[in-house]
Structures are given as C-alpha cells and as structure tokens.
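# Results of the structural survey
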Amino acid sequence: DKPVLMRAALRSGALAIVPKSQPMSHLAEAIKLAAEGAIINNPETSAMIDADSNFKEANLSAREREVLSLYASGLSLKQVAFQLEIKQSSAKEHIDRVRVKYAKLGREAGTKVDLYRRAIEDGIISGDLL
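Residues numbered from 1 in each chain as written. Predicted model: local features only at pLDDT ≥ 70, side-chain atom pairs only at ≥ 80, totals over all residues. Heavy atoms only, no water.

### Quick word on the packing of helix α6 (residues 88-104) against helix α7 (residues 112-121)
At a minimum axis distance of 12 Å, the contact between α6 and α7 shows a crossing angle of 70°. It follows that α6 is roughly perpendicular to α7 by the angle criterion. The handedness of the crossing between α6 and α7 is left-handed. Of the residues in α7, those touching α6 at Ile95, Val98, Arg99 and Tyr102 are Lys112, Leu115, Arg118 and Ala119. Residues that form the contact of α6 with α7 fall into these classes: five nonpolar, no polar and three charged. (Axes fitted to C-alpha atoms, helices over the stretch in contact; angles between N-to-C directions. Helix = DSSP H or I, 4+ residues; strand = E, 2+ residues; numbered from the N terminus. Parallel < 35°, antiparallel > 145°, perpendicular 65-115°, else oblique. Left-handed = near helix turned anticlockwise from the far one by under 90°. Contact = heavy atoms within 4.5 Å. Nonpolar A, V, L, I, M, F, W, Y, C, P; charged D, E, K, R; others polar.)

In structure tokens, the structure reads:
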C-alpha cells in the first residue's frame, strides 16, 4: 500500500516523494533541490508521515541516542559504558528508557536486533554494519 511504500522509500534515503500525478517539472525541481542539499517537503508526503504512527519520533535525548548508537552498532553495555566513561548501570538505564519510548510508539524494541532496526529507521546509525 502507499504508506508502506513511502515509508520504505524515505527510510532508504529518499529525500522527497513526487506523486505520479505531478508534472515532470515538479520531479525535475525536486531533483535539483535534493542535489543542492535542500530539505524537500510537500503536502502529500507530510500528510502521510503525520498519519503514519511508524514515523513518530521517539524523542530520544542526546545521551540516549549516543548509547543506542554504540549498543546497536554491536558493543556490549559494558563496552558502551567504558567508551562513554559512565557506569554500566547508567548505560543499561539509557537503553531501558529507549525501549520504553519506542514501545509507547508501538515500535517494539525488546531485543538488540530490534534496537538495531529502530536505530537505522531513525537515522541514528547506518545500515552498513552487516
């Protein structure tokens, strides 16, 4: 269905979605803007993202994002704690809070693999690790 395809395109790095109903000039303009590094926004894309609960932000703190990035990239909690110079229990608390925030959005992250997926979806890490 359309929202699933749009979500997949955006998560794969698409900078814009130009509906087929739009004139070719809109596509050309979107390509030009993307090449210039502009943020492209159109009403249809925005409306679909707003209506799609899978795009809802987890509103992670900077530290939660940092811990998630390292942990989802393959480090153990002990290694994350060592690298960030925090206690292992603090690293675990951050991961626990991240899991709760994702769960509240219906984006379960009960396993390390789930956290890896969420981190990729949210642009916290790249999917190049595999």
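Here the narrative resumes, following the displayed structure.
### Re the nonpolar core
Counting residues in hydrophobic clusters, the biggest one holds 21 residues, and the most contacted among them are Leu60, Leu68, Val80, Tyr102, Leu115 and Ile124. Going through the elements one at a time, α4 (62-72), α5 (77-84), α6 and α7 are the ones with two or more residues in this core. Here this core takes five residues from α4, the largest share from any one element. Not counting the four nearest positions on each side in its chain, Leu68 is found in contact with Leu60, Ser73, Ile95, Val98, Tyr102, Leu115, Ala119 and Ile124. (Core = buried A, V, L, I, M, F, W, Y, C linked by side-chain atoms within 4.5 Å. Buried < 20%, exposed > 50% of the residue type's maximum accessible area, 1.4 Å probe, protein only.)

### Side note on helix α2 (residues 24-35)
Because an α-helix completes one turn every 3.6 residues, residues spaced three or four positions apart along the sequence face the same direction. Its twelve residues give α2 an end-to-end C-alpha distance of 17 Å, which sits within 8% of 16 Å, the value for a rise of 1.5 Å per residue. A positive phi of about 85° marks Gly37, the residue just after α2. (Expected span 1.5 Å × (residues − 1).)

### Topic: a nonpolar patch on the surface
A surface patch of nonpolar side chains, amounting to about 320 Å² of accessible area, comprises Met24, Leu27 and Ile31. Locating Leu27 in the fold gives a position in helix α2. (Patch = residues over 30% accessible without salt bridge, like charges linked within 9 Å, V, L, I, M, F, W, Y side chains within 5 Å. Areas by Shrake-Rupley, 256 points an atom, 1.4 Å probe, with all protein chains shown as cover. Salt bridge = Lys/Arg side-chain N within 4 Å of Asp/Glu carboxyl O.)

### Overview of the environment of Ile40
Within the fold, Ile40 resides in the loop between α2 and α3 (43-51). Distance from Ile40 to Ala30, taken between C-alpha atoms, is 7.0 Å for residues ten residues apart in sequence. If we skip the residues at most four places from it in the chain, Ile40 touches Leu15, Ala16, Ala30, Leu33 and Ala34.

### Focus on the confidence of the model for the protein chain
Per-residue pLDDT for the protein chain averages 83, and the proportion of residues at 70 or more is 79%. Taking the mean pLDDT of every element in the protein chain, the minimum, 67, falls on α3 and the maximum, 96, on α5. (pLDDT = per-residue confidence, 0-100.)

### With respect to the side chain of Asp114
Inspection of the secondary structure assignment puts Asp114 in helix α7. Beyond its immediate sequence surroundings of up to four residues, Asp114 is in contact with Glu108 and Ala109.

### Looking at the environment of Leu33
Structurally, Leu33 is set in helix α2. Under the relative-accessibility criterion, Leu33 is labelled partly exposed at 27%. Distance from Leu33 to Ala16, taken between C-alpha atoms, is 9.7 Å for residues 17 residues apart in sequence. Contacts of Leu33, omitting those with residues within four sequence positions, involve Ala38 and Ile40.

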